[in-house]
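Structure assessment
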Amino acid sequence: MDSQKDALQRIIATLANKNEELHNFIETLNHTLDRVQVNSTQVVSDLEEEFDTLYSILDEMKESMTSTIKQESLRKSHELQNQLTQSTSALESAEELLEFANNALHISDEAEFSKAAKQIKDRVTMAPAFRLTMKPKATDNMTHMMVDFSQERQTLQGLKFLPVPRAPEIMLIDCVVMDNEVTVSWKMPMEDSKIDHYILEYRKTNHEGLPRVKDEQCWEKLDNIRTTEHTLQGLRFDSKFMNFRVRACNKAAAGDYSDPVTLETRAFNFSFDSSSSHLNLKVEEQSVEWDPQAGKALDSKVKGKENKGSGTPSPKRTSVTRSPAPRGARDRFTGESYTVLGDTSIESGQHYWEVKPQKDCKSYSVGLAYRNLGKFDQLGKTCTSWCIHVNNWLQNSFAAKHNNKAKNLDVPVPDSIGVYCDFDRGQLAFYNAENKQLLHMFKMKFTQPVVPAFMVWCGGLILSTGLQVPSAVRSFQKTENGLGGSNSSLSQQDPTVACDTICFYEKLPSVDGGSLLP
């Protein structure tokens, strides 16, 4: 009994599933049937519109050509009517002269006869009948106004529905990913002169395999592409890969999509690490700004001790009350170290990012550091950090700094700085981001992972990540590998060895207008 109930339950479950499948299938059929009606109505409407347009063109041509025939008829009629009028007048004159000549034959008086004969001679000389051209100025032939519609009739009789274009084939070997641009090339499997344009679609993904039907990102579309190649420019590579597909369109329909392809778009992506930044820095993912009011809710407003060795401007010193740092997190930078680090370490490979200072930024530094950089340490003042420093306060300076040593850079300060790191080769290079001019290069041997590092005072920085190493930088680095470069005065020290204590000071202001240094 129980086994029979179990078997019946299984049959019921199977029937229920099949009923649900049939219900869904019937809904699909009904939806498809409705769409067939809607689409058929739309196609008929489009067809009528096309034929109405064709009729309109034919009516315009008919009216124009009929007008031309009428004008030609009027021209010929006018010419012939003028000739007819002139000929009729000449005939009347000739008949009158003929009658006068016949009467002159019966004149008996010799003097009168001679006079009449002379008149007749003079009138004959001037008679219109002898001055007219006896050839019609126009013919009755109008065959030159006839039109041969045989070719057009054959074309119209050969009208067919346009075929749906076949799916293009993306030529993976011709696709190029370089300088944050992607060039996609494709071809049609066979020549198709009816193709009007192409539609290229793309989406970002972190899935390495074959493109999936459903993904977290939606397809973005580029329409009206007239060639079989297209370049997407100014991309930010914030995903590991990008999927691409293309379809061809004629004036009637869009064809099927090509098989999608996946192109690698890896780049170095990171943000500012707000958890360890100085409290006087207002940090967002891609920007940091010095704010003397920031963090005051956590400040105890107790004056701190002046740091005599500071090379960076500082507001009034305060001790800070902070919440306990998360497990594994480092302490916030404090004192005169207006520093913020990147939130992603570099352990291998080649990486590139750009930094643009806000207008009128007083002082900032851009570089690299080990994550164990002390909370009071300033970039370039230790053997665990490397940077270039821009100072626009009082005396302008532009210098490369490391291990408390500075090398002045005899180049203009660029509007935006590109930072290149080759961890494996131990290279850190700074470029003018606009023209890729080398500003300075450090060469060293990294002994542990490094992180992007930044300092800013009285101003702000804007960060650009997701950038490939520019081809100009990559090419330059290849030619420069093995050369001493411009960093000979700032050679690397092993962090396990005590750093040189060569100090340099700059006369820098405090917030209250005093001087931090004697």
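Computed from a predicted structure; not experimentally measured. (Residues numbered from 1 in each chain as written. Predicted model: local features only at pLDDT ≥ 70, side-chain atom pairs only at ≥ 80, totals over all residues. Heavy atoms only, no water.)

Spatially, the 6 strands line up as an open sheet ordered S13-S22-S15-S16-S17-S18, and their pairing is antiparallel. With partners counted over all chains shown, the strands left at the sheet margins are strand S13 (339-341) and strand S18 (405-408), one partner each. Ignoring strand direction, the axes of neighbouring strands in this sheet form an average angle of 20°. Pairing of strand S17 (residues 397-402) with S18, which is carried by 4 bridges, proceeds in the antiparallel orientation. For His 402, the partnering residue across the bridge sits in S18 and is Lys 405. (Pairing = 2+ DSSP bridges. Helix = DSSP H or I, 4+ residues; strand = E, 2+ residues; numbered from the N terminus. Axes fitted to C-alpha atoms, helices over the stretch in contact; angles between N-to-C directions.)

Let us now look at the environment of Val 411. Of note, Val 411 is situated in the loop between S18 and strand S19 (417-422). A relative accessible area of 23% means that Val 411 is categorised as partly exposed. Along the primary structure Val 411 and Leu 438 are separated by 27 residues, whereas in three dimensions their C-alpha atoms are 9.5 Å apart. Ignoring anything within four residues of it in the chain, the contact list for Val 411 reads Phe 398, Gln 437 and Leu 439. (Buried < 20%, exposed > 50% of the residue type's maximum accessible area, 1.4 Å probe, protein only. Contact = heavy atoms within 4.5 Å.)

Given a rise of 1.5 Å per residue, 17 residues ought to cover 24 Å, and the 25 Å separating the end C-alpha atoms of helix H2 (residues 110-126) matches this to within 8%. The distance from a side-chain oxygen at the start of H2 to the backbone nitrogen of Ala 111 is 2.8 Å, and the residue carrying that oxygen is Asp 109. (Expected span 1.5 Å × (residues − 1). Polar contact = N/O pair within 3.5 Å; in protein donor to acceptor, adjacent residues only side chain to side chain.)

Here we come to the layout of surface pockets. There is about 1000 Å³ of room inside the largest pocket. Contributing to the lining of the largest pocket are 20 residues, with Glu 50, Lys 160, Phe 161, Leu 162 and Ala 252 lying nearest its centre. Per-class residue counts for the lining of the largest pocket are 11 nonpolar, 2 polar and 7 charged. (1 Å grid on protein atoms, 1.4 Å probe; cavity = no way out; pocket = protein on both sides within 12 Å on 5 of 7 lines; lining within 4 Å. Points joined across faces, edges and corners; volume = space filled by probe spheres on them. Nonpolar A, V, L, I, M, F, W, Y, C, P; charged D, E, K, R; others polar.)

Let us now look at a negative patch on the surface. A cluster of acidic residues, Asp 46, Glu 48, Glu 49, Glu 50 and Asp 52, forms a negative patch at the surface. Secondary-structure assignment places Asp 46 in helix H1 (residues 2-104). (Patch = residues over 30% accessible without salt bridge, like charges linked within 9 Å, V, L, I, M, F, W, Y side chains within 5 Å. Areas by Shrake-Rupley, 256 points an atom, 1.4 Å probe, with all protein chains shown as cover. Salt bridge = Lys/Arg side-chain N within 4 Å of Asp/Glu carboxyl O. Lys, Arg positive; Asp, Glu negative; His and termini not counted. Charge placed at Lys NZ, Arg CZ, Asp CG, Glu CD.)

What follows deals with the confidence of the model for the protein chain. With 85% of its residues at a pLDDT of 70 or more, the protein chain has an overall mean of 82. Below pLDDT 50 for its whole length, residues 299-328 participates in 71 contacts with residues either more than four positions away or in separate chains. In the model, residues 484-489 has pLDDT below 50 throughout and makes 10 contacts with residues more than four positions away in sequence or in other chains. (pLDDT = per-residue confidence, 0-100.)

Take the sheet that holds strand S4 (residues 197-205) next. Taken together, 4 strands build an open sheet; the order of strands is S5-S4-S7-S8 and the sheet is antiparallel. Edge positions in the sheet fall to strand S5 (220-225) and strand S8 (261-264), since each of these pairs with one other strand and no more. Taken over all neighbouring pairs, the strand axes of this sheet differ in orientation by 25° on average, direction set aside. Summarising the sheet, strand S7 (residues 241-249) and S8 pair through 4 bridges and their orientation is antiparallel. Within S8, the position partnered with Asn 243 by the bridge is Thr 262.

Right, let's talk about the nonpolar core for a bit. Counting 48 residues, the largest nonpolar core has Trp 353, Leu 368, Phe 430, Phe 446 and Phe 454 as the members making the most contacts within it. A per-element tally of this core places strand S22 (residues 450-457) first, with 7 residues. Counting residues in hydrophobic clusters, the runner-up holds 20 residues, among them Ile 170, Tyr 198, Phe 237 and Phe 244. (Core = buried A, V, L, I, M, F, W, Y, C linked by side-chain atoms within 4.5 Å.)

Under the criterion given, the structure shown has 9 salt bridges. Residues Glu 72 and Arg 75 are paired through a salt bridge, measuring 2.9 Å at the closest nitrogen-oxygen approach. Of this pair, Glu 72 and Arg 75 both sit in helix H1, 3 residues apart, roughly one helical turn. Using a relative accessible area of 14% as the deciding quantity, one classes Glu 72 as buried. Between Asp 238 and Lys 204 there is a salt bridge whose closest N-O contact spans 2.9 Å. Taken as a pair, Asp 238 in the loop between strand S6 (229-232) and S7 and Lys 204 in strand S4 lie far apart in primary sequence, 34 residues in all. Look at Lys 204 and you get partly exposed, because its relative accessible area is 22%.

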